[in-house]
Each structure stands twice: as C-alpha cells, then as structure tokens.
Amino acid sequence: MKKFFKFEELGTNYRKEFVGGFTTFLAMAYILAVNPFTLTLGDVADLPAALRMDYGAVFVATALAAAIGSLIMGLFANYPIALAPGLGLNAFFAYTVVLTQGEPWEYALAAVFISSFFFLLLTITGLREKLINAIPVELKLAVGAGIGLFITFIGLQNADIIIDNPATLVHIGDLSQPSTLLAIFGIFVTIILMVRKIHGGVFYGMVITAVVGMIFGVIDAPSGVVSAVPSLEPTFGKLFSAFGDGAFYTQSMLVVILTFLFVDFFDNAGTLVAVANQAGLMKDNKLPRAGKALFADSIASMVGSIFGTSTTTSFVESSAGVAAGARSGFASIVTAGFFLLSLFFFPLLEVVTSAVTTPALVVVGILMVSSLGKIDWTKFEIAVPSFLVVVSMPLTYSIATGIAVGFIFYPITMLLSGRGKEINPIMYIFFVIFALYFVFLQ
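This report concerns the structure included in the present document. Computed from a predicted structure; not experimentally measured. (Residues numbered from 1 in each chain as written. Predicted model: local features only at pLDDT ≥ 70, side-chain atom pairs only at ≥ 80, totals over all residues. Heavy atoms only, no water.)

**Points about the overall build of the protein**
- In terms of helices and strands, the protein carries 19 helices and four strands.
- With the C-alpha coordinates of the protein rotated into their principal frame, the extents come out at 60 × 60 × 50 Å.
- In the protein, which comprises 442 residues, the proportion classed as buried is 56%.
- A sequence separation of at least 24 residues applies to 80% of the contacts in the protein between residues at least 6 apart.
- Counting only carbon and sulfur atoms, one obtains 68% of the accessible surface of the protein, whose full area is about 18200 Å².
- Between the averaged position of the 21 positive side-chain charges in the protein and that of its 25 negative side-chain charges there is a distance of 17 Å. (Helix = DSSP H or I, 4+ residues; strand = E, 2+ residues; numbered from the N terminus. Buried < 20%, exposed > 50% of the residue type's maximum accessible area, 1.4 Å probe, protein only. Contact = heavy atoms within 4.5 Å. Areas by Shrake-Rupley, 256 points an atom, 1.4 Å probe, with all protein chains shown as cover. Lys, Arg positive; Asp, Glu negative; His and termini not counted. Charge placed at Lys NZ, Arg CZ, Asp CG, Glu CD.)

Here you go:
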C-alpha cells in the first residue's frame, strides 16, 4: 500500500494521510447539506412538484458522487484532491435551468451527463488543453468571480437579507426576523472562523448556526441522528428519459450543456493546479498525471448525474487537507470513506434551513471573487468583457448569460483596440454560438 501511493517518495505516512483526508472532509462536508437544499430549490415556495427533486435522493446522490469521485482520484491519479458536486454549477442547474428556464430537472441532469461525456472525450483526445488555452485568462478569472457573486446573491436572497422591491428591484430585508438574524449571525461566525484559519470553518459555521437556531427555537431539532439510507429511486437514471424527448434538443439546452462544460473546465484546471502546487507536486510548472485527474472528474460527473446530482468537480477545500499533511491519493480515499459514512446521518439535515446554508454561500462567494485581483483592469479592452461577465451573472440571474455576454464582447473590444491578432480563432466560434444564443433566446 505504501509503495502504491508512493509514501516514501512523497514524504508522508498513514497518520498524515488520514488526518489530511479527514480535514478535507470537514472542510467540504457543507456540500452534503447545501447541494440538496439548492437542487431541490428548498427556499422556493409554491414550486410545481414536477420541478422539485427529491431531497433524500439528492443527498444520497451527493454523497455517492463525492465518494466515487474522490476514490477514483485517489486510486487512479494519486492526488490528495477530493471531489463533490460543485457550488455555482448546482446554482446554475437549479436557479437558471430549472427555475428560470422552466426545464425539467431530468433535462438538467441529462445536460450534466452530456457535458461530462464531452469532457471525457476532450480529455482523452487532448483537445481539452486547446479549448482552455483558447479562452483568455481574464475571462476565466471573471467567470469564477461572477459565479461567486451569483451564489452570494442567492444566499442573501434565501435568508431574506436581500428582498425584491417594485421600485428598485432589490432592497434590504427586515433584519429583525428571527431566521434573518440567525443567517447574519452565521455569516459573522463563519467569517471569524475563516479569518482565524480554522480548517473546516465553513462546516463548523453551519453547525454552530444550526445549534444556535435550535437553542432559540428558530430551527426545529432533528427527529433523530442515524437512520436508514434514503432511497435513490426518485432520481436514479431519470436523466435518460430526456434523450427520448424531442423537446430536449433545443438551442437553449445546447447553451446549458456548453455552460456546464466551460465552467467545469475552469473550475477543475484552477483547483488542480492550486492544490497540487501547494502540495509541492508540480513538476517544471506542469501537473503530472493531469489527464488521469481530469478523467476522474469526468467519470465522477457522469456517475453523479446518473445518481441524480449536478456536476461533480475537484474541491479547492482539499487545500485544507494538504495543509494538514496530505500528499497522496490515500487521503482522498479517507475522504471518500467519510462521505460514505455520512449516508447514515441523513436525519441531521432536517436542521438545514436557508439561514444555515446562507453563511456557506456567502463565504464561498467571497473566496471565488478574490480572482478579480488577477485581472488587468488598466486595459479597457480586457476590463469591458471581464466586467460584463461578473455583473451579468447576478443581474440576469444566469451564469450562462454572463458567460455569453463576455464571450461576445471580448473579440469586439480586442479588434477595436487593434489587438485582433491576439484573438484565438476558437473565440470567434464562441462569439457566433453565443450571439445565436441571444437571438434564439428572444
């Protein structure tokens, strides 16, 4: 076992890997609560039953996708990087595809499956690098920041900190409401934990918020702690029904598939490089076994969509495990084991309300928006498309629209500034695709 995971070469041991794997689980365990709440649109009242996924099934799908993805990453790529359904992509799945566009969640799962399959093909053929390299780094950074603002906006809305207003569209809510006060308390607690660099700060913030909510009667206590694993039947394999439905094959669904694909591209590439660099695993500024790592991600996403969850991706929270000593794939296997163990603690999710999930969405949003500092805002031809990507996502309530706006304006501003030779030809193809998206959207 030590030889398989190259313990001696990586300077690690079982104790370091176990502690690192457990630390990574604690840092990302919040997704077990946030993902089911998001995909089932738990904060949306009076939603037609056909548009709402089964909460228990999504919880199981989330845990299984995380376990399988982390297991493949550990065994196949030997990286201390765990996977789970990603924030941002799940928000796009629920709030854009299902809630805004009115598409059945089965269609959204099918789109995740197709995008993951294309991701796998692109990884195997080597085209993935060409597509990623074709997109300017500023737009990649802007997409991440825009998603951060989007999920923060969703979190603040869920807690009624931000509400609608007929005159100004948005307005600050009634901060005297118990659930709103609890969410604000949770945000403060989570920020304190993160500033103090507490590993698993987001998870602990949710736990403290839930406990305080129960003490003051804002949240009902769970009916139990341990139970049988909920049934996966309500979501398992339901995506395949979309392939036989002609209504699935539309321009808007094509854009949905491309959005899942693009965002997963950016998310994975950035996370893999960041965590591997922190662990000292980069060789000559290149990521060894990058193909295997991306293969693990694409397989996990395909399997996850079959189970019934949104795109599974590498989690930057794995850096917490690396900081605790993880260096090999054995840590990812430990993380996978804890995700499997969590399947039996479903009753605890009864305490997860919008007030409990809001701190996680806000803090993760803050972390994602930090990428704005790497954009060169002094060059107006770059600033325009980057800015439009960032503001369009929360203001249009759509990640896809934000990406489309930025990808349309980038070649325009670059050509007008006399920098047309720097534009990769693939960007012109993206320009046409997204221009058509707006035409057919109307």
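**Points about the packing of helix H9 (residues 178-195) against helix H16 (residues 354-369)**
- In the contact formed by H9 and H16, the axes pass within 8 Å of each other and the chain directions differ by 40°. The pairing of H9 with H16 is recorded here as oblique in orientation. In terms of crossing hand, the pair formed by H9 and H16 is right-handed. Along the contact surface, H9 presents Ser179, Leu182, Ala183, Gly186, Ile187, Thr190, Ile191 and Met194, while H16 presents Ala355, Thr358, Pro359, Val362, Val363 and Leu367.
- When the residues that make up the contact of H9 with H16 are grouped by side-chain class, the tally is 10 nonpolar, four polar and no charged. (Axes fitted to C-alpha atoms, helices over the stretch in contact; angles between N-to-C directions. Parallel < 35°, antiparallel > 145°, perpendicular 65-115°, else oblique. Left-handed = near helix turned anticlockwise from the far one by under 90°. Nonpolar A, V, L, I, M, F, W, Y, C, P; charged D, E, K, R; others polar.)

**Things to note about the nonpolar core**
- Counting 137 residues, the largest nonpolar core has Tyr30, Met73, Phe93, Ile403 and Phe434 as the members making the most contacts within it.
- A per-element tally of this core places helix H12 (residues 251-278) first, with 13 residues.
- Discounting chain neighbours no more than four positions away, the residues touching phenylalanine 434 are Val255, Phe262, Ile403, Ala404, Phe407 and Ile408. (Core = buried A, V, L, I, M, F, W, Y, C linked by side-chain atoms within 4.5 Å.)

**Thoughts on unusual backbone geometry**
- The phi dihedral of leucine 41 falls on the positive side, at around 50°, and the residue is not glycine.
- Tracing the sequence through the fold places leucine 41 in the loop between helix H3 (31-39) and helix H4 (55-77).
- A positive phi angle, close to 55°, is found at asparagine 78, a residue other than glycine.
- The residue asparagine 78 is located in the loop between H4 and strand S1 (83-85) in this model.
- A relative accessible area of 10% means that asparagine 78 is categorised as buried.

**Some points on the pairing of strand S3 (residues 169-172)**
- Sheet topology note: the strand S2 (residues 162-165)/S3 ladder contains four bridges and is antiparallel. In the strand pairing of S3, isoleucine 163 is matched with histidine 171. (Pairing = 2+ DSSP bridges.)

**Considerations on helix H10 (residues 201-215)**
- Between its first and last C-alpha atoms H10 spans 21 Å; for 15 residues at 1.5 Å apiece the expected length is 21 Å, and the two agree.
- Buried residues along H10 sit in contact with H3, H9 and H16.
- Remark: glycine 217 follows H10 within two positions and exhibits a positive phi of approximately 75°. (Expected span 1.5 Å × (residues − 1).)

**Re the packing of aromatic side chains**
- According to the stated counting rule, one finds 29 aromatic pairs in the structure shown.
- Ring centres of tyrosine 14 and phenylalanine 330 lie 5.3 Å apart, and the angle between their planes is 70°; on these two criteria the pair is classed as edge-to-face. Here tyrosine 14, found in helix H2 (residues 14-28), pairs with phenylalanine 330, found in helix H15 (residues 329-341); they are 316 residues apart in sequence, far enough to count as distant.
- Residue class for tyrosine 14 comes out partly exposed when judged on its relative accessible area of 34%. (Phe/Tyr/Trp six-rings, centres within 6.5 Å; stacked < 30°, edge-to-face > 60°.)

**Re helix H5 (residues 89-100)**
- The buried count for H5 comes to 10 of 12 residues, which makes it a mostly enclosed element.
- All of the buried residues in H5 are Leu89, Asn90, Ala91, Phe92, Phe93, Ala94, Tyr95, Thr96, Val97 and Val98.

**Details of the packing of H5 against helix H8 (residues 137-158)**
- At a minimum axis separation of 11 Å, H5 and H8 run at an interaxial angle of 65°. In the packing of H5 onto H8, the handedness of the crossing is left-handed. For the pair formed by H5 and H8, the contact residues are Ala91, Phe92, Tyr95 and Thr96 on the first element and Phe150, Ile151, Ile154 and Asn158 on the second.
- Its residues assigned to classes, the contact of H5 with H8 shows six nonpolar, two polar and no charged.

**Regarding the pattern of salt bridges**
- This model, assessed by the stated rule, comprises four salt bridges.
- Of the charged contacts, one joins glutamate 381 and arginine 419 as a salt bridge, the two residues approaching to 2.6 Å between their closest N and O atoms. Taken together, the positions of glutamate 381 in helix H17 (residues 380-396) and arginine 419 in the loop between helix H18 (399-416) and helix H19 (425-441) put the pair 38 residues apart, joining distant regions of the chain.
- The class for glutamate 381 is buried, based on a relative accessible area of 15%.
- A relative accessible area of 18% means that arginine 419 is categorised as buried.
- In this structure, glutamate 422 and arginine 419 form a salt bridge, with 2.7 Å as the shortest nitrogen-oxygen distance.
- A single network of salt bridges, built from pairs that share partners, joins Glu381, Arg419 and Glu422. (Salt bridge = Lys/Arg side-chain N within 4 Å of Asp/Glu carboxyl O.)

**Let's talk about a positive patch on the surface**
- A cluster of basic side chains, namely Lys6, Lys283, Arg289 and Lys292, defines a positive patch on the protein surface.
- Within the secondary structure layout, lysine 6 lies in the segment before helix H1 (7-10). (Patch = residues over 30% accessible without salt bridge, like charges linked within 9 Å, V, L, I, M, F, W, Y side chains within 5 Å.)

**Remarks on the side chain of glutamate 106**
- Relative to the helices and strands, glutamate 106 resides in helix H6 (residues 105-125).
- Despite its burial, glutamate 106 pairs with no opposite charge; the closest candidate is lysine 238, at 7.4 Å N-O.
- Apart from the residues within four sequence positions on either side, glutamate 106 is in contact with Lys238, Leu239, Ser241 and Ala242.

**Quick notes on the environment of isoleucine 147**
- Following the sequence through the fold, isoleucine 147 ends up in helix H8.
- The buried category is assigned to isoleucine 147, whose relative accessible area is 3%.
- Between the C-alpha atom of isoleucine 147 and that of phenylalanine 380, which follows or precedes it by 233 residues, the distance is 22 Å.
- Sequence-distant contacts of isoleucine 147, that is, excluding residues within four places in its chain, are made with Gly88, Val263, Met368, Met393 and Ile399.

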